[in-house]
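Descriptive analysis of the structure
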There are 2 protein chains.
Amino acid sequence: MSLSMYAITVPVFTRYLNNLDAILVKAEANAAERKIKPEVLVSSRLAPDMHPLSFQVQSTTDRIKFTLARLTGRTPPSWEDNETSLADLRARLKKALEFVATFSEADLAGSEAKMLTLKVRGEDTQVPAIEHVTLNAVPQIFFHITSAYAILRHNGVPIGKRDFTGG
Amino acid sequence: MSLSMYAITVPVFTRYLNNLDAILVKAEANAAERKIKPEVLVSSRLAPDMHPLSFQVQSTTDRIKFTLARLTGRTPPSWEDNETSLADLRARLKKALEFVATFSEADLAGSEAKMLTLKVRGEDTQVPAIEHVTLNAVPQIFFHITSAYAILRHNGVPIGKRDFTGG
């Protein structure tokens, strides 16, 4: 097994999008059991000035699509941020999983050597692709997935770390 | 820039341990300002049956040390889980940073091809090193760092995502 840009992106994103979907399935079941309205968990936050669950899922999927699009030069699909139920958020994860599944090892081959043009505080900045993915994109994706997990955990959804890792 | 086991571990761990330290510095200042006792934030949780801040920092540092030790065959240092203040947790991060700094590119070279023997539900299991690092170790490290961030954010410490990414 050799290390490639593919290895640190596509299988990781696929696994953790699926894990997050399984967490939302548990949230749906728990919300039904506790008779919580569909929109409540979706708009729950850990602090009043922090983003809600819907944003965490939107951000996870957006960062994943932008990462793969930037590495390959493809145009990312546009997804409206209009989810109001856990089912809507699961549909968003499904769209992201379908997009991720369109990338093969060959599509990502050579992207290790690329420089990406990214906006850093409004300025176009050249960043090595590896640096962007390892130090920024992947950490932020896990930041939003863990935030989604933490919001649900804080609201009493019965999930544990094994639901996060999926193993 | 080529992709190596070093690139996806040492610089990532160094950056995010430093970012977590800077977050704890802000927590210390905020606790002093609000006259919060040193032990309160350290033992704060997002749910009564979830681990406190101290555990999140201990787990972050332990997973980092075990990951690098496993990849290189080194014996990881042993750290007692006895932190009771934010200063103690910062000292723990410092020990982890010092340990990470002892690993060079050469130390990690070739570890991409290794198989690691890991306990999976009590059973010794052979796992490719790349798979372990990308799908398990790194995600869990970010899980614990984000959980530490979320506990402090939930408790009113004035931090934002830029403190998490450090940029």
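Residues numbered from 1 in each chain as written. Chains lettered and ligands numbered in written order. Predicted model: local features only at pLDDT ≥ 70, side-chain atom pairs only at ≥ 80, totals over all residues. Heavy atoms only, no water.

For chain A, the name recorded in an unreviewed UniProt entry is DUF1993 domain-containing protein, with Devosia insulae DS-56 as its organism.

**As for the overall build of chain A**
Assigned secondary structure in chain A consists of seven helices and two strands. Along chain A, from the amino end to the carboxyl end, the secondary structure elements read α-α-α-α-α-β-β-α-α. For 167 residues, the compact-globule formula gives about 15 Å, and the C-alpha radius of gyration of chain A, at 17 Å, lands near that figure. Seen through its principal axes, chain A has C-alpha atoms that stretch 50 × 40 × 25 Å. The buried share of chain A, taken over its 167 residues, is 54%. Accessible area for chain A stands at about 7,300 Å²; split by element, carbon and sulfur atoms hold 52% of it. Across chain A, the centroid of the 20 positively charged side chains sits 5 Å from that of the 18 negatively charged ones. (Helix = DSSP H or I, 4+ residues; strand = E, 2+ residues; numbered from the N terminus. Rg over C-alpha atoms; globule rule 2.2 N^0.38 Å. Buried < 20%, exposed > 50% of the residue type's maximum accessible area, 1.4 Å probe, protein only. Areas by Shrake-Rupley, 256 points an atom, 1.4 Å probe, with all protein chains shown as cover. Lys, Arg positive; Asp, Glu negative; His and termini not counted. Charge placed at Lys NZ, Arg CZ, Asp CG, Glu CD.)

**Describing the packing of helix α1 (residues 10–33) of chain A against helix α6 (residues 129–154) of chain A**
Angle between the axes and distance between the axes are the two parameters that describe a pair of packed helices. Residue and element names in this part refer to chain A. The contact between α1 and α6 brings their axes to 11 Å, and the two run at 10°. Between α1 and α6, the interaxial angle falls into the category roughly parallel. The segment α1 lies against α6, with Val12, Phe13, Tyr16, Leu20, Ile23, Leu24 and Ala27 engaging Val138, Ile141, Phe142, Ile145, Ala148, Tyr149 and Leu152. For the contact of α1 with α6, the residue count by class is 14 nonpolar, no polar and no charged. (Axes fitted to C-alpha atoms, helices over the stretch in contact; angles between N-to-C directions. Parallel < 35°, antiparallel > 145°, perpendicular 65-115°, else oblique. Contact = heavy atoms within 4.5 Å. Nonpolar A, V, L, I, M, F, W, Y, C, P; charged D, E, K, R; others polar.)

**Describing the relation of the copies chain A and chain B**
Turning chain A through 180° and shifting it by 0.0 Å along the axis lays it on chain B, with an RMSD of 0.0 Å. Here the two chains are linked by the operation of a two-fold rotation axis. A share of 100% of interface residues in chain A that are also interface residues in chain B marks the association as one of identical surfaces. (Least-squares fit on C-alpha atoms with pLDDT ≥ 70 in both.)

**Quick look at unusual backbone geometry**
Residues and elements named next belong to chain A. With a phi close to 55°, Lys35 is a non-glycine residue in the positive phi region. Here Lys35 lies in the loop between α1 and α2 (38–42). Taking the relative accessible area as the measure of exposure, Lys35 reaches 74% and is therefore exposed. Unlike most non-glycine residues, Arg121 shows phi in positive territory, near 45°. Along the chain, Arg121 turns up in the loop between β1 (115–120) and β2 (123–128).

**Concerning the pairing of β1(A)**
Residues and elements named next belong to chain A. Here β1 runs beside β2; their pairing, made up of six bridges, is antiparallel. Counterpart to Lys119 in the pairing with β2 is Asp124. What sits between β1 and β2 in their antiparallel hairpin is a turn of two residues, with Arg121 showing a positive phi close to 45°. (Pairing = 2+ DSSP bridges.)

**Re the pattern of salt bridges**
All told, the structure shown has 22 salt bridges over all chains when counted by the stated rule. In this structure, the salt-bridge partner of A:Asp49 is B:Arg153, at a minimum N-O distance of 2.9 Å. One end of the pair, A:Asp49, is in the loop between α2 and α3 (53–72); the other, B:Arg153, is in helix α6 (residues 129–154), on a second chain. Owing to a relative accessible area of 60%, A:Asp49 belongs among the exposed residues under this scheme. Judged by its relative accessible area of 10%, B:Arg153 is buried. With its nearest N and O atoms 3.1 Å apart, the salt bridge here joins B:Asp107 to B:Arg74. Residue B:Asp107 is located in helix α5 (residues 105–108), and its partner B:Arg74 is located in the loop between α3 (53–72) and α4 (86–100); the two are separated by 33 residues in the primary sequence. Take B:Asp107: its relative accessible area is 33%, and that puts it in the partly exposed class. For B:Arg74, a relative accessible area of 29% translates into the label partly exposed. (Salt bridge = Lys/Arg side-chain N within 4 Å of Asp/Glu carboxyl O.)

**Observations regarding α4(B)**
All names here are of chain B. Taking 1.5 Å per residue as the helical rise, α4 with its 15 residues ought to reach 21 Å, and the 21 Å between its terminal C-alpha atoms agrees with that figure. Turning to α4, its buried residues are Leu86, Leu89, Arg92, Leu93, Ala96, Leu97, Phe99 and Val100. Each buried residue of α4 lies within a common arc of 160° when the element is viewed along its axis, so the set occupies one face. Residues of α4 that are buried sit in contact with α1 (10–33), α2 (38–42) and α3. (Expected span 1.5 Å × (residues − 1). Arc of directions from axis to C-beta.)

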